[in-house]
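Notes for the structure review
What follows is the residue order along each chain.
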Amino acid sequence: MRGIYTAAFLDRLLDQYRRIRSEGHLDLGSGFNLIAGTSTGSIIACAAAIGRPMSDLVKLYWDFGAKIFPERITDSKAKLVSRIAKGGTVVRAGDLALREALTAELGEITMLDVFKRRGLSLAIPAVDMSTHRSWVFKKTKTSGVRDDNYRLVDVCLASSAAPIYRSLAAIKNPDSKHEQIQVFADGGLWANNPVMVGMLDALLNADDGQPIEIFSLGTCSRPEGEEIAPDDVHRSMLQWKLGADVGPLSITAQEFAFDNMARMFANVLSKCGRQVHHVRFPQQKIPAAKLEYLGLDDSRPEAMNALISQASTDADMVKSACDDPRNPQGQLIHSLMMSLPTMPEAGIPKEFFE
């Protein structure tokens, strides 16, 4: 559900630059050669890649959030036990709702359609459950044909199939002559922050000497950390919310680790003569009043409103950085926004990909 923050942030920033430029709606996807996204970020990535307005994505989360997550995983032991008793009923309903939402937004467009019609590469991490190994749905000029015919709908289902919170994703292999079904889990299990995936593919596909600019946008992660007494380390399954608390822990640890690795790799590559810039935005602290609304499955209207409000505030702060000629990261974002081509208000029509 934190994806509504990302979509609202981009919508706000793009709208400000649209008005500054006195032009039509801006086509975010066309500003990039490669877009990477994991889990809820895969939905944002694929929508941007096919030229969907970010306002449509905000509406997707708003309209379908409560159907995708009809019941939150809470701290209440009674509700956790009730969730156990319901088995897969809750996540099965959520899976149907997400399929409906993604199909309405992404249609039948495939990875190859995006590459051929938009000249855009995609890298979407997931986990192949048949081998328990990392998998990246990928279409770049060096990636081969393996993933060409996967629909973006199925790619997003695979990348966002968060264990405990959602169903695993059972999707048809589009090239199989035997109706082969593949099962995937959330790419966030290993690449919740896909910046290193993106950096590697950029290095593999950029022209010799071509500067690389990486823009990373997260999902309003909450400030984490605990003071744990030695006697409190023996946590039960219920104290871990049957494993649901492991997800946010992994997300936070990965986000920090991969951002720092990307920064260090960028510095090393630049010293070796390969110009690489990594911009992480926004980086504002979350007000304490918003902390209760940052659950991964919190689809309450008040939670979505809180995330949209925070996105607006953060976008305004980033715009201030863009207005500061002494802020190098702000100037990179400003240059990107000023270079984006325009598109129709309703986005690129799906017929464009046929």
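- Under an unreviewed UniProt entry, the name given to the protein is Putative acylesterase/phospholipase RssA, and the organism recorded is Rhizobium giardinii.
- According to UniProt, the comment filed for the protein under the heading Sequence similarities (unreviewed entry) is "Belongs to the patatin family."

1. A look at unusual backbone geometry
- Backbone geometry at Ser39 places phi at a positive 60°, although glycine is not the residue there.
- Its location among the elements puts Ser39 in the loop between strand 2 (34-36) and helix 2 (40-49).
- Look at Ser39 and you get buried, because its relative accessible area is 14%.
- Even without being glycine, His132 reaches a positive phi, approximately 60°.
- Summarising the element assignment, His132 is placed in the loop between strand 3 (121-128) and strand 4 (133-139).

2. A short note on a nonpolar patch on the surface
- Side chains of Leu168, Ile181 and Val183 sit close together on the surface and give an oily, nonpolar patch of about 240 Å² of accessible area.
- Relative to the assigned elements, Ile181 resides in strand 6 (residues 181-186).

3. Observations regarding helix 6 (residues 111-118)
- Those residues of helix 6 not exposed but buried are Met111, Val114 and Arg118. An end-on view of helix 6 places all buried positions within 80° of arc, on one side of the element.
- One or two positions beyond helix 6, positive phi appears at Gly119, with a value near 65°.

4. Regarding the packing of aromatic side chains
- Under the definition given, this model contains eight aromatic pairs.
- With 5.3 Å between their ring centres and 70° between their planes, Trp135 and Phe184 make a pair best called edge-to-face. Linking Trp135 in strand 4 with Phe184 in strand 6, this pair joins segments that are 49 residues apart in sequence. Each member of the pair, Trp135 as well as Phe184, is classed as buried.

5. As for helix 11 (residues 301-322)
- Its 22 residues give helix 11 an end-to-end C-alpha distance of 31 Å, which sits within 8% of 32 Å, the value for a rise of 1.5 Å per residue.
- Within helix 11, the full set of buried residues consists of Ala303, Met304, Ala306, Leu307, Gln310, Ala311, Asp314, Ala315, Val318, Lys319 and Cys322.
- Buried residues in helix 11 make contact with helix 1 (3-21), helix 3 (54-68) and helix 12 (328-339).

6. Here's the deal with the confidence of the model for the protein
- Per-residue pLDDT for the protein has a mean of 90; in total, 97% of the residues score no lower than 70.
- Confidence, expressed as mean pLDDT per element, reaches its minimum in the protein at helix 4 (residues 77-86) with 70 and its maximum at helix 7 (residues 152-159) with 98.

7. What to know about the environment of Pro287
- Note that Pro287 resides in the loop between strand 8 (276-280) and helix 11.
- Separated by 129 residues in sequence, Pro287 and Ala158 place their C-alpha atoms 33 Å apart.

8. Let's talk about the pairing of strand 4
- Relative to strand 4, strand 3 is paired through seven bridges, and the arrangement is antiparallel. Along strand 4, the bridge assignment pairs Ala123 with Lys138.
- Where strand 3 hands over to strand 4, the hairpin turn is made up of four residues, of which His132 adopts a positive phi near 60°.

Rules used throughout
Residues numbered from 1 in each chain as written. Predicted model: local features only at pLDDT ≥ 70, side-chain atom pairs only at ≥ 80, totals over all residues. Heavy atoms only, no water. UniProt positions renumbered as here; feature names shortened; annotations may be inferred. Helix = DSSP H or I, 4+ residues; strand = E, 2+ residues; numbered from the N terminus. Buried < 20%, exposed > 50% of the residue type's maximum accessible area, 1.4 Å probe, protein only. Patch = residues over 30% accessible without salt bridge, like charges linked within 9 Å, V, L, I, M, F, W, Y side chains within 5 Å. Areas by Shrake-Rupley, 256 points an atom, 1.4 Å probe, with all protein chains shown as cover. Salt bridge = Lys/Arg side-chain N within 4 Å of Asp/Glu carboxyl O. Arc of directions from axis to C-beta. Phe/Tyr/Trp six-rings, centres within 6.5 Å; stacked < 30°, edge-to-face > 60°. Expected span 1.5 Å × (residues − 1). Contact = heavy atoms within 4.5 Å. pLDDT = per-residue confidence, 0-100. Pairing = 2+ DSSP bridges.

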